[in-house]
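So the chains spell out like this:
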Amino acid sequence: MSQAIRIRTRREGALVNVQILMPHPMETGMRQDENGRLVPAHHITDVVVTLGERKVFAARMSIAVSRDPLLSFRLSSARAGQALRVAWTDSQGQTRNDAAVIA
Amino acid sequence: MRANAFTQRRRLLQGAGAMASLGIAALPAARAAAAGDAGIGVFAAKTFAEAIGELGGAPLPSSLITLEAPAIVENGAFVPVTVTSALPGTHEILLLVDGNPQPVAVQFTIPAGTEPFVATRIRMAGSGTLYAAVRNDDGFFATARAISVNKSGCA
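This is a predicted model, so every value here is computed, not measured.

Some thoughts on the overall build of chain A
Scanning chain A for helices and strands turns up zero helices and seven strands. Taken along the three principal axes of its C-alpha coordinates, chain A extends 50 × 25 × 20 Å. Considering only contacts in chain A between residues 6 or more positions apart, those separated by 24 or more positions represent 53%.

Rendered as structure tokens:
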């Protein structure tokens, strides 16, 4: 079971700054465990962020995104009270989505 | 500041020249379009030249893209990167690392209503050149930064 996505929104003048932290091992497939065996690759491949019904941000990730991916971006057309939903899919087909309300 | 932008531009131009001499900039348009549609190809690329090919050719250097990242990184597992584009109509931002086993690190979609800005953290296998590339309606642009990495982010 994956851990909840942490979503923080902060108003900065006309913009809303969004910070997202997605707890995920982001295994590269190049790391060895304590017995010297390669740990298979396991990483987030897709992230989609929607505001209400509208897609406002998306990312496609390789193994080169750090463990527990952190994303920050700014919305110019977000109103207080709107729902911001973040959804990820990983290379093993697991998914997770969580939401926050725009501050 | 001006001299800095100039040397960065020169470095990029030299890179683009090297790519052109390999025949990468002259990729058939059909292949570039296919790569853009399917999108899978960019992450399958194992070398920087292959990645540029999958992306449809070398980006033009642009001083309108700001790439912030430390010049020296202790641990390549966490390289903080911030990209801001002043190119009008920016709808895609990519981070590429020349020197990583999979050079295309991440591809961001920036719809209208979202600022052309993104911050994240990436892995670098070792010292190399980080590129922030931007697509808008006018084409494909990039800016670069050399980064020295003390401990590999690949382990």
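Brief notes about the overall build of chain B
A count of helices and strands for chain B gives four helices and nine strands. Listing every helix and strand of chain B by position from the N terminus yields α-α-α-α-β-β-β-β-β-β-β-β-β. The burial tally for chain B puts 39% of its 155 residues in the buried class. Of all intrachain contacts in chain B linking residues separated by at least 6 positions in sequence, the fraction that spans at least 24 positions is 68%.

As for the interface of chain B and chain A
At the junction of the two partners, chain B supplies 26 residues and chain A supplies 25 residues. Only strand 6 (104-109) and strand 7 (117-122) of chain B provide two or more residues apiece to the side of chain B that touches chain A. Residue composition of the side of chain B that touches chain A, by class: 15 nonpolar, eight polar and three charged.

Looking at unusual backbone geometry
All names here are of chain A. Look at M26: it is not a glycine, yet its phi comes out positive at around 45 degrees. Mapping M26 onto the fold places it in the loop between strand 2 (15-21) and strand 3 (44-51). Positive phi is not limited to glycine here, since D68 has a value of about 55 degrees. Locating D68 in the fold gives a position in the loop between strand 4 (54-61) and strand 5 (70-75).

Section: the sheet that holds strand 5 of chain A
The strand order across the open sheet built from six strands is 1(A)-2(A)-5(A)-7(B)-4(B)-2(B), with neighbouring strands paired in antiparallel fashion. The open sheet has two edge strands, strand 1 (6-12) of chain A together with strand 2 (65-68) of chain B, and neither has a second partner. Averaged over all pairs of adjacent strands, the angle between strand axes in this sheet comes to 15 degrees, irrespective of strand direction. For strand 2 of chain B and strand 4 (residues 79-85) of chain B, the ladder comprises four bridges, and the chain directions are antiparallel. Its bridge partner being in strand 4 of chain B, B:T66 is matched across the sheet by B:T84.

Examining the nonpolar core
Ranked by internal contacts, the top residues of the largest apolar core, which has 60 residues, are B:L95, B:L96, B:A105 and B:I122. Residues in contact with B:L95, not counting those within four places in the same chain, are B:V81, B:A105, B:V106, B:I122, B:L130 and B:A132.

Notes on the environment of A:R74
When you line up the elements, A:R74 lands in strand 5. In this structure the C-alpha to C-alpha distance between A:R74 and A:A14, which are 60 residues apart in sequence, comes to 10.0 Å. Beyond its immediate stretch of four places on either side in the chain, A:R74 contacts A:L15, A:V16, A:N17, B:E115 and B:F117.

Re the pairing of strand 2 of chain A
All names here are of chain A. By the alternation rule, side chains of strand 2 split into V16, V18 and I20, which are all buried, and L15, N17, Q19 and L21, of which none is buried. When strand 1 meets strand 2, the two strands line up antiparallel, connected through seven bridges. For R11, the partnering residue across the bridge sits in strand 2 and is V16. Linkage of strand 1 to strand 2, two consecutive antiparallel strands, is achieved through a turn of two residues, within which G13 is found at a positive phi near 65 degrees. With six bridges joining them, strand 2 and strand 5 adopt antiparallel strand pairing.

Comments concerning the environment of B:T84
All names here are of chain B. Residue placement: T84 occurs in strand 4. What makes T84 partly exposed here is the crowd of 19 C-beta atoms within 10 Å. For the pair T84 and L67, spaced 17 residues apart in sequence, the C-alpha separation works out to 6.7 Å.

Considering the confidence of the model for chain B
Regions with low pLDDT should not have their predicted coordinates read in detail. Residue and element names in this part refer to chain B. Confidence along chain B averages 83 in pLDDT terms, with 74% of residues attaining 70 or more. For the stretch residues 16-39, pLDDT sits under 50, and the model shows 29 contacts to residues farther than four places along the chain or on other chains. The ipTM value of the predicted complex is 0.96, and its pTM value is 0.84.

How each quantity is defined
Residues numbered from 1 in each chain as written. Chains lettered and ligands numbered in written order. Predicted model: local features only at pLDDT ≥ 70, side-chain atom pairs only at ≥ 80, totals over all residues. Helix = DSSP H or I, 4+ residues; strand = E, 2+ residues; numbered from the N terminus. Contact = placed C-beta atoms within 7 Å. Buried ≥ 20, exposed ≤ 12 C-beta atoms within 10 Å, placed from the backbone. Nonpolar A, V, L, I, M, F, W, Y, C, P; charged D, E, K, R; others polar. Pairing = 2+ DSSP bridges. Axes fitted to C-alpha atoms, helices over the stretch in contact; angles between N-to-C directions. Core = buried A, V, L, I, M, F, W, Y, C linked by C-beta atoms within 7 Å. pLDDT = per-residue confidence, 0-100.

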